[in-house]
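Take a look at the letters that make up each chain.
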Amino acid sequence: MATARTSSTLSPKSSSPGLSVRVGRERSSSIVKVEKIGEESQEEALDQSVYDNVNAEWVNRKGAWLIHPVLIFAGKVVIDTIPGMRQEISWTLVNLFYLGLSYLMFHYVTGIPFHSDLHGGVYDNLTLWEQIDEGAQYTPAKKWLFIVPIMLFLASTHYTHYDPWLFAVNLTALIIVLIPKLPAFHRYRVRFMVQEEPSGVGTPLTPNFPHSGTVTPVGEDITLPPITVSEVESRL
């Protein structure tokens, strides 16, 4: 079944009535769009090195690595206090809460909360994970933050007795958290249902001009009266 497609056109009233111009184009949307944020330049590296980024340097301090198992253990104790809580559900909730908090903290929130002007705004569009160690890959801090979710997933899988439904939920959450940590996705954003703005440039359509080789029509014939030499001399 053929569908009729309509578009807004403009037909100017001129000597070429066949010329029509499309005003912009229809707005379209993309289900999934991957775009890169910024470019790593020498100027950006200089702005990052002027002052220490206190928003990301804490991950390399003493005790920063220990806080992760402490939070996991504390969350497990709190969830187990709920009456009637099963161990399978308890470990699944601990895994989901930790992964959700990790994704929100390291891969969702961008910028730095303080002293943004000291770095020339180079961190405004970067996540905390992209700020750690000035964006360097395979550093000890990033390796630790990559291993902890995997170890928690293995523990939750074991204590849920390899239930297929709980395994699928935990594995999906793990993949969502690990993908932004990969070097191939550094400074990339995956956006869903992105509306593309219509173009404001008019696109001319096919005009109905005469074909090449045809005679160009002229206006009405204008006959001029003859001028004699005597009339010219008399006017002079």
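Residues numbered from 1 in each chain as written. Predicted model: local features only at pLDDT ≥ 70, side-chain atom pairs only at ≥ 80, totals over all residues. Heavy atoms only, no water.

Chemist: What exactly am I supposed to notice about the nonpolar core here?
Modeler: As a rule of thumb, nonpolar side chains are buried together in soluble globular proteins. Membership of the largest hydrophobic core comes to 13 residues, with the highest contact counts inside it found for Ile72, Val94, Tyr98, Leu99, Val148, Leu152 and Leu174. Once residues within four sequence positions are removed from consideration, Val94 is found in contact with Ile72, Gly75, Lys76, Ile79 and Leu152. Among the nonpolar cores identified, the runner-up in size contains 8 residues, and Val59, Leu128, Trp129 and Ile132 belong to it. (Core = buried A, V, L, I, M, F, W, Y, C linked by side-chain atoms within 4.5 Å. Buried < 20%, exposed > 50% of the residue type's maximum accessible area, 1.4 Å probe, protein only. Contact = heavy atoms within 4.5 Å.)

Chemist: What is the right way to look at the environment of Leu71 in this model?
Modeler: Secondary-structure assignment places Leu71 in helix H2 (residues 67–80). Among the residues examined, Leu71 registers a relative accessible area of 46% and is labelled partly exposed. Sequence spacing of Leu71 and Tyr98 is 27 residues, and the spatial spacing of their C-alpha atoms is 8.3 Å. (Helix = DSSP H or I, 4+ residues; strand = E, 2+ residues; numbered from the N terminus.)

Chemist: Can you help me understand the packing of helix H5 (residues 140–159) against helix H6 (residues 164–178) in this one?
Modeler: When two helices pack together, their arrangement is given by the angle between their axes and by how far apart the axes lie. Close contact between H5 and H6 brings their axes to 10 Å; oriented N to C, the two are set at 180 degrees. Overall, the two elements H5 and H6 adopt an arrangement that is roughly antiparallel. Facing H5, whose interface residues are Phe146, Pro149, Ile150, Phe153, Ser156 and Thr157, H6 presents Phe167, Asn170, Leu171, Leu174 and Leu178. Along the lines of polarity and charge, the residues of the contact of H5 with H6 split into 8 nonpolar, 3 polar and no charged. (Axes fitted to C-alpha atoms, helices over the stretch in contact; angles between N-to-C directions. Parallel < 35°, antiparallel > 145°, perpendicular 65-115°, else oblique. Nonpolar A, V, L, I, M, F, W, Y, C, P; charged D, E, K, R; others polar.)

Chemist: Hey, could you run me through the confidence of the model for the chain in this one?
Modeler: Model confidence for the chain is summarised by a mean pLDDT of 76, while 60% of its residues fall at 70 or above. For the chain, the element scoring lowest by mean pLDDT is strand S1 (residues 9–10), at 46; H6 scores highest, at 96. Note on residues 1–16: pLDDT under 50 across the span, and 18 contacts to partners over four residues away in sequence or across chains. (pLDDT = per-residue confidence, 0-100.)

Chemist: Even after reading the chapter, I still don't get H2, so can you show me in this structure?
Modeler: Residue pairs three or four apart in sequence face the same way in an α-helix, which turns once every 3.6 residues. The terminal C-alpha atoms of H2 lie 20 Å apart, and with 14 residues this matches the ideal 20 Å at 1.5 Å per residue to within 8%. Among all positions in H2, only His68, Ile72, Lys76 and Ile79 are buried. On an axial view of H2, the arc spanned by its buried residues comes to 70 degrees, and they lie on one face. Turned more than 90 degrees away from the buried face of H2 sit Phe73 and Val78, all of them exposed. Against the buried residues of H2 lie helix H3 (87–108) and H5. (Expected span 1.5 Å × (residues − 1). Arc of directions from axis to C-beta.)

Chemist: Looking at this structure, how should I read a nonpolar patch on the surface?
Modeler: On the surface, Ile31, Val32, Val34, Ile175, Ile179, Leu182, Phe185, Tyr188 and Val190 cluster together into a nonpolar patch covering about 750 Å² of accessible area. The element contributing the most residues to the nonpolar patch is strand S3 (residues 29–36), with 3 residues. Among the structural elements, Ile175 can be located in helix H6. (Patch = residues over 30% accessible without salt bridge, like charges linked within 9 Å, V, L, I, M, F, W, Y side chains within 5 Å. Areas by Shrake-Rupley, 256 points an atom, 1.4 Å probe, with all protein chains shown as cover. Salt bridge = Lys/Arg side-chain N within 4 Å of Asp/Glu carboxyl O.)

Chemist: Quick question: what am I supposed to make of the packing of H3 against H5 here?
Modeler: Two elements in contact, H3 and H5, have axes separated by 8 Å at closest approach and are oriented at 165 degrees. With respect to H5, the element H3 is oriented roughly antiparallel. Where H3 crosses over H5, the two elements pack in a sense that is left-handed. In this structure, H3 uses Glu88, Trp91, Val94, Asn95, Tyr98, Leu99 and Phe106 to contact H5, whose residues at the interface are Leu145, Val148, Pro149, Leu152, Phe153, Ala155, Ser156 and Tyr159. By residue class, the composition of the contact of H3 with H5 is 12 nonpolar, 2 polar and 1 charged. (Left-handed = near helix turned anticlockwise from the far one by under 90°.)

Chemist: What is the right way to look at the pattern of salt bridges in this model?
Modeler: When charged atoms on two side chains of opposite charge get close, those side chains can pair. Scanning the model with the defined rule gives 3 salt bridges in all. The partner of Lys76 in a salt bridge is Asp80, and the shortest N-O contact between them spans 2.6 Å. On the criterion of helical spacing, the pair formed by Lys76 and Asp80 is a turn pair, its members being 4 residues apart in helix H2. Residue class for Lys76 comes out buried when judged on its relative accessible area of 10%. We classify Asp80 as partly exposed; its relative accessible area is 33%. Put simply, Arg86 and Glu88 hold a salt bridge, and the shortest N to O gap is 3.7 Å. The exposure class assigned to Arg86 is exposed, which follows from its relative accessible area of 52%.

Chemist: Sorry if this is basic, but what is going on with unusual backbone geometry here?
Modeler: Note: most residues except glycine have negative phi, and most peptide bonds are trans. A positive phi angle, close to 60 degrees, is found at Tyr138, a residue other than glycine. With respect to the secondary-structure elements, Tyr138 resides in the loop between helix H4 (128–131) and H5. Judged by its relative accessible area of 62%, Tyr138 is exposed. We note that Tyr162 has phi near 55 degrees; this positive angle belongs to a residue other than glycine. Its place among the elements puts Tyr162 in the loop between H5 and H6. According to the relative accessible area criterion, Tyr162 is exposed, its value standing at 55%.

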